[in-house]
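Geometric and topological summary
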Amino acid sequence: CKEQSFTNVQGWMQDIQEKLEGTDCSPVVMLLGNKVDLADIQPEPKRQVTYRQAHQLAQRSNATFAEVSATSGHQVTDTTMELVVTLLAARKDAMDEALDLDPPSSDKPLTERLFCCS
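Quick notes on the rules
Residues numbered from 1 in each chain as written. Predicted model: local features only at pLDDT ≥ 70, side-chain atom pairs only at ≥ 80, totals over all residues. Heavy atoms only, no water. Helix = DSSP H or I, 4+ residues; strand = E, 2+ residues; numbered from the N terminus. Buried < 20%, exposed > 50% of the residue type's maximum accessible area, 1.4 Å probe, protein only. Contact = heavy atoms within 4.5 Å. Areas by Shrake-Rupley, 256 points an atom, 1.4 Å probe, with all protein chains shown as cover. Phe/Tyr/Trp six-rings, centres within 6.5 Å; stacked < 30°, edge-to-face > 60°. Core = buried A, V, L, I, M, F, W, Y, C linked by side-chain atoms within 4.5 Å. Expected span 1.5 Å × (residues − 1). Polar contact = N/O pair within 3.5 Å; in protein donor to acceptor, adjacent residues only side chain to side chain.

Here's the deal with the overall build of the protein
Check the secondary structure of the protein and you find four helices and two strands. Listed N to C, the secondary structure of the protein is α-β-α-β-α-α in terms of helices and strands. For the protein, with 118 residues in total, the buried portion stands at 19%. Taking all contacts inside the protein whose residues are at least 6 apart in sequence as the whole, residues at least 24 apart take part in 61%. In the structure as shown, the protein presents an accessible area of about 8800 Å², 54% of it carried by carbon and sulfur atoms.

Put into structure tokens, the structure is as follows:
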């Protein structure tokens, strides 16, 4: 990851947090560091963004983090599947809560409870 790209991502993560402040939305966010295949060529000391820096940003932003390689395909399928499973679980939880026969936990309409961030 280039340092400028990482700086941009930090700003985007901050934007997400600011826009959702005071809401009950919990978006699923996954931060991916690409070009892990270059790790053999550029060991940790020469990397522009270290694994630790990226992992810490993900933790601060309540996101998951993984390193992938679009060139070699390393971890691309696994991280995509992880994201899909996480999204489906989040949607199921939202639907279960929205369709609960007990009085809703909020006065929001059903569509707003199902799609809180739309």
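Some words on the packing of aromatic side chains
Following the criterion strictly, the structure yields one aromatic pair and no others. Summarising the aromatic geometry, the rings of tyrosine 51 and phenylalanine 65 are spaced 5.2 Å apart at their centres and angled 65° between planes, so their arrangement reads as edge-to-face. Taken as a pair, tyrosine 51 in helix H2 (residues 51-60) and phenylalanine 65 in strand S2 (residues 64-67) lie far apart in primary sequence, 14 residues in all. Residue classification places tyrosine 51 among the partly exposed positions, given a relative accessible area of 37%.

Points about the nonpolar core
Of all hydrophobic cores here, the largest spans 11 residues; its members are Phe6, Val9, Met13, Val29, Leu31, Val49, Ala54, Leu57, Ala58, Ala63 and Phe65. Going through the elements one at a time, helix H1 (3-20) and H2 are the ones with two or more residues in this core. When near neighbours in sequence (up to four residues on either side) are disregarded, leucine 57 contacts Phe6, Val9, Gln10, Met13 and Leu31.

Things to note about H1
For H1, built from 18 residues, the straight-helix expectation of 26 Å at 1.5 Å per residue is met to within 8% by its first-to-last C-alpha distance of 26 Å. Of the surrounding elements, those touching the buried residues of H1 are strand S1 (30-33) and H2. With its phi angle positive at about 85°, glycine 22 sits one or two positions after the end of H1.

Things to note about the side chain of serine 61
Mapped onto the fold, serine 61 is located in the loop between H2 and S2. A polar contact is formed between the side chain of serine 61 and the backbone oxygen of leucine 57, at a distance of 3.0 Å.

Re unusual backbone geometry
In this structure, asparagine 62 takes a positive phi of about 55° despite not being glycine. Mapped onto the fold, asparagine 62 is located in the loop between H2 and S2. On the accessibility criterion, asparagine 62 (67% relative accessible area) is exposed. Unusually for a residue other than glycine, glutamine 75 sits at a positive phi of about 65°. For glutamine 75, the position within the fold is in the loop between S2 and helix H3 (76-98).

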